[in-house]
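Analysis of the macromolecular model
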Amino acid sequence: MATDTYSLNTAVVYAMGLGELSDNPLKAVGRTHEARQGEVDPRVVITHAQARDLLTALSYVGSWGRGRGRRLVAFFATLYYAGLRPTECIALRASDCFLPDDGWGRLTLVQTLPVTSKRWTDHGERHERRGLKQRSAKAARIVPIPPSLVAILQAHIKEFGTAEDGRLFRNERGGILGASTYSRAWEEARQLAFTPAQVA
């Protein structure tokens, strides 16, 4: 239901942008919000040691020749060390990265590649190029990255190169990395890295 309401609201906002509606009639409808808790459950927050173990385990997922897990190590390392959203990381290009041989680097985030339905894009593909979430369309966000992530990204580029458009992370055929692809690999890595109790 929440998704349907969100879709309807998006359509209404679009109609307002076209000048078809002068006001959003959905504002009059009351919404109930579930209160967010102010605390994060420490049992589900990953430690630095667990992150290292997971990244190592990820490198063992799938066969060595296909590199299914190995090509995702830098992707998940970027999520962990730089705090990127998956859609930001999927859109990250080599030209967005400053990766010095020594010291801290930086990422310049300018777009995301969220998944949507093929019916809702002009080009008939599942991913739509957008600006950063909750920012203006042309906004950029600079993210400093530690030397450990700089080294991981340098090694990734050296081993796997980039997609034709310069993206760092892609599927095995060179296409846009899908959530199902990295989610499956992550679940397999969790099984390898953790005890059954930790996985649960």
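Before reading further, recall that the structure is shown in the block above.
Read on for an overview of the structure. Note that the coordinates shown come from a computational prediction; the quantities given were computed from them, not determined experimentally. (Residues numbered from 1 in each chain as written. Predicted model: local features only at pLDDT ≥ 70, side-chain atom pairs only at ≥ 80, totals over all residues. Heavy atoms only, no water.)

This part covers the packing of aromatic side chains. Taken as a whole and assessed by the stated rule, the structure comprises six aromatic pairs. Between the aromatic rings of F75 and F169, the centroid separation amounts to 5.6 Å while the plane-to-plane angle is 75°, which identifies the pairing as edge-to-face. With F75 in helix α3 (residues 70-82) and F169 in the loop between α5 (147-160) and α6 (179-193), the pair connects residues that are 94 residues apart, well separated along the chain. Neither residue differs from the other here; F75 and F169 are each classed as buried. Geometrically, the ring pair formed by F75 and Y182 is tilted, given 4.9 Å between the ring centres and 40° between the ring planes. Within this pair, whereas F75 is found in helix α3, its partner Y182 is found in helix α6, the two being separated by 107 residues in sequence. By way of ring pairs, the aromatic residues F75, F76, F169, Y182 and W186 are connected into one cluster. (Phe/Tyr/Trp six-rings, centres within 6.5 Å; stacked < 30°, edge-to-face > 60°. Helix = DSSP H or I, 4+ residues; strand = E, 2+ residues; numbered from the N terminus. Buried < 20%, exposed > 50% of the residue type's maximum accessible area, 1.4 Å probe, protein only.)

As a further point, take α5. Spanning 14 residues, α5 covers 20 Å between terminal C-alpha atoms, matching the ideal 20 Å at 1.5 Å per step. Along α5, the residues that are buried comprise L149, V150, L153, H156 and F160. Buried residues along α5 cover an arc of 130° about the axis, so they all sit on one side. For α5, the secondary structure elements touched by its buried residues are α3, β2 (105-109) and β3 (141-145). Positive backbone phi, at 70°, marks G161, one or two positions downstream of α5. (Expected span 1.5 Å × (residues − 1). Arc of directions from axis to C-beta. Contact = heavy atoms within 4.5 Å.)

On a regular strand, one side chain projects to one face of the sheet and the next to the other, so that they alternate. Here β2 shows a buried face lined by G105, L107 and L109 and an unburied face lined by R106 and T108. The pairing of strand β1 (residues 97-98) with β2 spans two bridges and is classified as antiparallel. Opposite C97, over in β2, you have L107 as the bridge partner. Counting the residues in the hairpin turn of β1 and β2 gives six residues, including G103, whose phi is positive at 90°. Bridge count for β2 against β3 is five bridges, and the pairing is antiparallel. Bridge assignment links G105 to a residue of β3, and that residue is I145. (Pairing = 2+ DSSP bridges.)

Closest axis-to-axis distance for the α3/α5 pair is 10 Å, and the angle between their directions is 155°. As judged from the angle between their axes, α3 and α5 are roughly antiparallel. Note on packing geometry: the crossing formed by α3 with α5 is left-handed. Residues R70, R71, A74, A77, T78, Y81 and A82 of α3 touch α5, and the partners they reach there are S148, L149, I152, L153, H156, E159 and F160. When the residues that make up the contact of α3 with α5 are grouped by side-chain class, the tally is eight nonpolar, three polar and three charged. (Axes fitted to C-alpha atoms, helices over the stretch in contact; angles between N-to-C directions. Parallel < 35°, antiparallel > 145°, perpendicular 65-115°, else oblique. Left-handed = near helix turned anticlockwise from the far one by under 90°. Nonpolar A, V, L, I, M, F, W, Y, C, P; charged D, E, K, R; others polar.)

Pairing within the open sheet is antiparallel, and its three strands lie in the order β1-β2-β3. Edge positions in the sheet fall to β1 and β3, since each has one partner strand and no second. Against the sheet, α5 contacts β2 and β3, and its axis sits at roughly 100° relative to β3.

What follows covers the state of the cysteines. Any covalent bond linking the sulfur atoms of two cysteines counts as a disulfide. All chains considered together, the criterion is met by zero disulfides. With no disulfide partner, C89 has as its closest neighbouring cysteine sulfur the one in C97, 9.0 Å distant. Classification of C89 by relative accessible area gives buried; the value is 0%. (Disulfide = S-S within 2.5 Å.)

Should the charged atoms of two oppositely charged side chains come close, the side chains can pair. Tallied over the full model, the rule gives seven salt bridges. As a salt-bridge pair, E187 and R190 come within 3.3 Å of each other at their nearest N and O atoms. Of this pair, E187 and R190 both sit in helix α6, three residues apart, roughly one helical turn. When its relative accessible area of 39% is taken as the criterion, E187 is described as partly exposed. Of the residues examined, R190 reaches a relative accessible area of 17% and is grouped as buried. Linked through salt bridges whose partners overlap, the residues forming this network are R85, E88 and R141. (Salt bridge = Lys/Arg side-chain N within 4 Å of Asp/Glu carboxyl O.)

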